[in-house]
Structure formats: structure tokens, C-alpha cells
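As a plain string of letters, each chain reads:
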Amino acid sequence: MSKIIQVKARQVYDSRGNPTVEAEVYTTKSSATAICPSGASTGTFEAYEKRDKKNKRYLGKSVLSAVNLINTKISKKLKGHSVHNQERIDTLMINLDGTKQKINLGANAILAVSMAVKKLSAKLKNKPLYKSFLINKNFQLPYPLMNIINGGAHADNGLRIQEFMIRPDKAKSFSEAMRICFLVIKNLSKLIKDRGLSTSVGDEGGFAPMISSNEQALDLIVLAIKKSGFVNGKDVSICLDVAANELFKKNKYSIHSKNYISVEQSISGFLRIIKKYKIKSIEDPFAENDWQAWNKLMKLTKNTQIVGDDLYVTNLERLKKGFLNISSNAILIKLNQIGTVSETIDVIKFAQAVGFKTIISHRSGDSEDTFIADMAVGTNSNQIKTGSLARSERVAKYNQLIRIEEELGKKARMNKIY
Ligand code: 2PG
Ligand code: MG
């Protein structure tokens, strides 16, 4: 009953309106679908996203060849295998592809199938998806790293830093975490409007006002936190994703202003804003190969969460290197950076074993698929980064976490941040 009889795929669209892959896995009894997300500020070492670059009808963005590979080669290969054996299925696809970065089949094809298999296995066992990961048997809820101002590659406003986020550290429950974020966002919206700026939003639902300095954005956030009745750095913490790959040229960075400055000067800039704005978490402060710079920052910060995203690309080898180099103390987890559910879980397990915090993340091009909400709970990840309280593809993940909290009832607990 649990054997795969067919895998089907179709081209659907993501939140930026770009084509993406949806896979549907069938057994005789049931079926499940999953949609692959897509990034804009991607790391060089990410698994390969297959697009039909020569197909002018879709401006080179279609994923029809990935869809076709699922319908033919992948479907044929997986036929007859049990959906309950995730590792086996993922290994079959990894071997069928045969390359390190999944260039032949495309990580978008492989991941959509891998996630659909995971969903179908849970469904057939009559289990909620979050209970099928078996890493976290206590099922704690993650703290949201909620995006509230967009810049960098996710907006057209000229802000250097890509994501300005808040984390409701004071919250004792997930619904309370959402209420705190809701209040800060509503107050921020009013502050932005009062300044005659636009409250339209960027790719991840955060506001994208035409302000050009990081500090102007940070001042607005501090004020919004205060106006909501919370204490910055205590009740609510400010967190950043610099996405420094995008701000790096000839060993210099243009993080703090348009000017390119040295690593040392950039670190001074970070230390200044960490202190002034009580910033608790910084993601990708430096570029993906600048291991030394990461280590320098780690040595000079104490209670700051330093998160590797483009640095690790959810890749075990790179994570091991970063651990030995003391590059960070947390890792951002994105399924499509590596391309299968099993490999993602291996990375999470290693990270947690060496004391890293794991943060499950969406992509800037995402969909109505809420897989990552369940994965955050199921893998004992203490934070989730999935955009703002705007755009349904972002809000869908938060709503799923609200449902999970309700289902857990009295047993529901927040995970630990510190
Ligand atoms: C990031 C992500 C998600 P993208 O840099 O962390 O916020 O962006 O999906 O564009 O890589
Ligand atoms: Mg990032």
C-alpha cells in the first residue's frame, strides 16, 4: 500500500510570478504534492536550479525540462519503492542525478519529489507532518524571525541590508509571538506613513520604503517597538540578514554605506550597530568565502547570534568547515539549497550536535506550501524565518504554526532561544 506507483509534475508559479516545480507522488491509496521555492540572493555553492534558459516563450525562466524529468526518469526510478523510506528514495534520486550540485535533474525537480514523499508518508501513517521528523519529540514551537523591512535584492529602495527582522523574545506562546509582531508591524506601518513614505511591501512582505540608510530603518524599528509598549533588546530583538555576498567587491564591503570599506572597518560598523540597536542576530555578515572575516567577527562578539546562510548553503561539508573555523553559532536551513529532505535533516542533526542554533527558512520566491512550518517543529529548530505578516505565501507558514500549537494544546511550549 505504501509503494509509489507514479510521480507526476507540473509547472506552477511562485510568489514572484516565476515558474516553479510542483510534484505529486502517488500510491494506490493516496497522493501528496509539494512545491519547490526559489531564491534571489543565492549562494554560489547551492544545489542547481534547473530552468529552461533557452526557452524564449517564458523568458528563459520555465522549468518544463525539470517537470519532464520527474514525469519520466524520476517516476520510473521510484516506482515500486516505499514512501516510508525517505533516505532510500532521496539516495536513488541523488544517484540518478550523479553530480554534486544536482545539475542533471535539477535540485528543484528532486526536492519537490522528496518533500512530496515525506508528506505522503505522514499522510499514510495518519500522522501530522511535524510528527514525522522524529528529531523533536517534545514538539516545541519556533520563535519567528519576522521580516519587517526589506532591502537589498528583495526591494528597489536602495537599502544596503537585505532583511530587517524582529524576534519576539518575550513571547511565551506562538500565538503571543504573533501578536507581538502584529503590534510592531502595525505601529511601523503608521510611522512610515506619517513620514510620507510608501507602505508597499517587498518580496518577503516587509515594508520597502524609499529610505537609503540602514540606521534610518533601524531607528524606525526601535520607535515601532517602543510605540507597541515593548522594550527593544528584551521583549523584542532586532535581527538582520545582511546578505553580504551582494555587497562584496575586491575584498571590500559596502554594508554600512555605498562606499566599499575593509573587513575591519565593516566589523567596527557591526559592533557599533549591535550596541546602539541591541541587535541580537546577524545573518551573512560577510561573503561566502571570506572565512577569516567570519571568524574575526565571532571573536569580537559575545551574545550575538551569527548565522550562516550563503556561507553553508545547507551543505554538511561547508558546515563542518565553518564549525572548525568558528565561523558562526547558527545556521539557516533551506531545503532547496541542498535538494533533498534527508540531506537537510543530516545537516540539522550535525548542527544541533555541535551546539549550533538551527533556523528553518523560506526563500524569497515561495509558495502556499507550508512544509517548512512543520519541519521547524519536527526538527527542534528554535527559530523560523518566513517573512512578514503580509503576502499569503508567508502568512500561510505562520498560520500552520498556529494550528500546530492549537493541536498540541497544553503540551505546546516555545523552544529556547538562549
Ligand atoms: C535569504 C533568503 C530568504 P533568498 O537570503 O536568507 O530570506 O533570501 O531566498 O533570496 O536567498
Ligand atoms: Mg540570507
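Residues numbered from 1 in each chain as written. Chains lettered and ligands numbered in written order. Predicted model: local features only at pLDDT ≥ 70, side-chain atom pairs only at ≥ 80, totals over all residues. Heavy atoms only, no water.

1. As for helix α2 (residues 86-97)
Note the following rule: Helix and strand definitions follow DSSP, with helices as H or I runs of at least four residues and strands as E runs of at least two, each counted in order from the N terminus. Helix span is expected to be 1.5 Å times the residue number reduced by one. Relative accessibility decides the category of a residue: with a 1.4 Å probe and only protein chains considered, values under 20% of the type maximum give buried, values over 50% give exposed, and everything between is partly exposed. What the arc measures is the spread of directions leading from the helix axis to the C-beta atoms. For this analysis, residues touch if any pair of their heavy atoms sits within 4.5 Å.
End to end, α2 covers 17 Å across 12 residues, agreeing with the expected 16 Å (1.5 Å per residue, within 8%). Taken together, the buried positions of α2 are Q86, I89, D90, L92, M93 and D97. Taken around the axis of α2, the buried residues stretch over an arc of 155°, which confines them to a single face. The outward face of α2, more than 90 degrees from its buried face, is lined by the exposed residues E87 and N95. Considering only its buried residues, α2 is in contact with α1 (64-78), α3 (107-124) and α10 (341-353).

2. Describing the coordination of the magnesium ion (ligand 2)
Our working rule: Listed donors are limited to N, O and S atoms within 2.8 Å of the metal, widened to 3.2 Å for Na, K and Ca; water is not among them, so incomplete-looking sites are possible.
Around the magnesium ion (ligand 2), the protein supplies D241 (OD), E283 (OE) and D309 (OD) as donor atoms, at distances of 2.0 to 2.2 Å. Each donor residue of the magnesium ion (ligand 2) belongs to the same chain, and together they define the spacing D-x41-E-x25-D. Of this pair, E283 sits in strand β11 (residues 279-283) while D309 sits in the loop between β12 (305-308) and α8 (316-324), placing them 26 residues apart in sequence. On the basis of relative accessible area, E283 is assigned to the buried category, the value being 2%. Residue D309 is classed as buried on the basis of its relative accessible area of 2%.

3. Re the packing of aromatic side chains
The condition is simple: Pairing of aromatic side chains requires ring centres within 6.5 Å, counting the rings of Phe and Tyr and the six-membered ring of Trp. Pairs whose planes differ by under 30 degrees are stacked, by over 60 edge-to-face, and all others tilted.
This model, assessed by the stated rule, comprises eight aromatic pairs. Measuring from centroid to centroid gives 4.8 Å for F248 and Y253, while their planes differ by 40°, and the two rings are tilted. With a relative accessible area of 30%, F248 lands in the partly exposed category. Taking 6.2 Å as the distance between ring centres and 85° as the angle between the ring planes, the aromatic pair formed by F323 and F350 counts as edge-to-face. Highlighted residues: F323 in helix α8 and F350 in helix α10, separated in sequence by 27 residues. With a relative accessible area of 33%, F323 lands in the partly exposed category.

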